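Chain residues, written in single-letter form:
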Amino acid sequence: MDTRVSLRSLNPFISCFICNGYLIDATAITECLHTFCKSCIVKHLDSKKGNTCPKCDVVIHRSNPLQGIRLDRKMQDIVYKLVPNLQHREMLKEERFCRERKIPYEKNHALASRDRRMDDTKYQGKTIGAICEDRVCIQLETKTKDLKPLSKKYICCSSRTTVNHVKKLIAKKLFRDLEKYCSVDILCNDEILGKDHTLKFIYVTRWRCKEPPLKLYYQPRVDVLNFSHEV
């Protein structure tokens, strides 16, 4: 039986925190993965408000914050799929903007619609583990009874997400404190992963021949665990 979900209930997840409108040219901050309209976050970073995320105040990049953001095409695809006619309206606005300023506008509407249309066949069966080049699906499990399991352990995120990002997610979910991310280790195949390893690197080097999703385990950091046992 199909379950219907109202668009209004999804609005908090597909809207920009800055302008409160639907995400347009969705752009994510690589440090905390919060997503905004591209124009909104660029204006924010160009203003005198500094180089921090407008939602959580994490420092994006100390010298050049524009290097700490990236387009989130999959999120934009989801927004366009959920909100009727949003993509068409935005393309008309873009065309009118270029026409008024006598800027060449060569984008083909039909081609753009085809490129942005989500192919549902990609989500069938086991292909969910590697939807596309820039996405990796992971499964987060606890390695010890010292840390409780997550309520939502399946996550699809950017392939450029680092182990540090995963540690911060766990710290936020379990301890409600991002600063405690250093007290957590992430493992794959019983090997503790380096903080700067990306999910793409881990998938290619440690999970290429295995069934998706990529399984990662978390536990208290080894030196913290040993200290607690000694005490």
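Parameters at a glance
- Every chain is numbered independently, its residues counted from 1 as its sequence is written.
- Local features in a predicted model are, by the rule used here, given only for residues with pLDDT of at least 70; side-chain atom pairs are given and counted only at 80 or more, and totals for whole chains, interfaces and linings are based on all residues.
- For side-chain calculations, the full set of non-hydrogen atoms in the structure is used, while hydrogens and water are omitted.
- UniProt positions are given in the numbering used here, feature names are shortened, and annotations may be inferred rather than shown by experiment.
- In DSSP terms, a helix is any run of H or I states spanning at least four residues, a strand is any run of E spanning at least two, and both are numbered starting from the N terminus.
- Whether a residue is buried, partly exposed or exposed follows from its accessible area with a 1.4 Å probe, protein chains only, as a fraction of its type maximum: under 20%, in between, or over 50%, in that order.
- Only heavy atoms enter the contact rule, under which two residues are in contact if any of them lie within 4.5 Å.
- Here, the term nonpolar core denotes a set of buried Ala, Val, Leu, Ile, Met, Phe, Trp, Tyr and Cys residues that are joined through side-chain atoms within 4.5 Å.
- Strands are treated as partners if at least two bridges between them are detected by DSSP.
- Lines fitted to C-alpha atoms define the axes here, with helix axes fitted over just the stretch in contact, and angles between the N-to-C directions of these axes take values from 0 to 180 degrees.
- We define a salt bridge as a contact between a side-chain nitrogen of Lys or Arg and a carboxyl oxygen of Asp or Glu at a distance within 4 Å.

- The protein appears in an unreviewed UniProt entry as RING-type domain-containing protein from Larinioides sclopetarius.
- In its Subcellular location (unreviewed entry) section, UniProt records this for the protein: "Nucleus".

**Examining the overall build of the protein**
Turning to step 1, where the next piece is worked out: Along the backbone of the protein there are eight helices and eight strands.
Turning to step 2, where the next piece is worked out: Out of the 231 residues in the protein, the part that is buried amounts to 36%.

**Observations regarding the side chain of D185**
Turning to step 1, where the next piece is worked out: Residue placement: D185 occurs in strand β6 (residues 184-188).
Turning to step 2, where the next piece is worked out: Among residues more than four places away in sequence, those in contact with D185 are I192, Y217, Y218, Q219, P220, R221 and V222.

**What to know about the nonpolar core**
Turning to step 1, where the next piece is worked out: Counting residues in hydrophobic clusters, the biggest one holds 21 residues, and the most contacted among them are I186, L199, L214, L216 and Y218.
Turning to step 2, where the next piece is worked out: Of all the secondary-structure elements, those providing two or more residues to this core are β4 (135-142), α6 (163-175), β6, α7 (199-206) and β8 (214-220).
Turning to step 3, where the next piece is worked out: The biggest single contributor to this core is α6, with four residues.
Turning to step 4, where the next piece is worked out: If we skip the residues at most four places from it in the chain, L199 touches V136, I138, C157, S158, S159, T161, V166, L214 and L216.
Turning to step 5, where the next piece is worked out: With 18 residues, the next largest nonpolar core counts I14, F36, I60 and V79 among its residues.

**Some thoughts on the sheet that holds strand β1 (residues 27-29)**
Turning to step 1, where the next piece is worked out: If you walk across this open sheet you meet the three strands as β2-β1-β3, and the pairing is antiparallel. Unpaired on one side and paired on the other, β2 (35-36) and β3 (69-71) mark the two borders of the sheet.
Turning to step 2, where the next piece is worked out: In the sheet, β1 pairs with β2 via two bridges, with the strands oriented antiparallel. Looking across to β2, one finds that A28 is bridged to T35.
Turning to step 3, where the next piece is worked out: Across the sheet, helix α2 (residues 38-46) touches β1, β2 and β3, and the angle it forms with β3 is around 165°.

**Concerning the pattern of salt bridges**
Once the charged atoms of two side chains with opposite charge are near each other, the side chains can pair.
Turning to step 1, where the next piece is worked out: Counted according to the given criterion, the structure contains seven salt bridges.
Turning to step 2, where the next piece is worked out: Between K93 and E90 there is a salt bridge; the shortest N-O distance is 3.6 Å. Of the two residues, K93 and E90 are both situated in helix α4 (residues 86-100); the distance of three residues between them amounts to about one turn of the helix.
Turning to step 3, where the next piece is worked out: Relative accessible area serves as the criterion here: at 46%, K93 is assigned to the partly exposed category.
Turning to step 4, where the next piece is worked out: For E100, the salt bridge is made with R101, and the minimal N-O distance between the two is 3.6 Å.
Turning to step 5, where the next piece is worked out: Residue E100 is classed as exposed on the basis of its relative accessible area, which comes to 56%.
Turning to step 6, where the next piece is worked out: Since its relative accessible area comes to 46%, R101 is described here as partly exposed.

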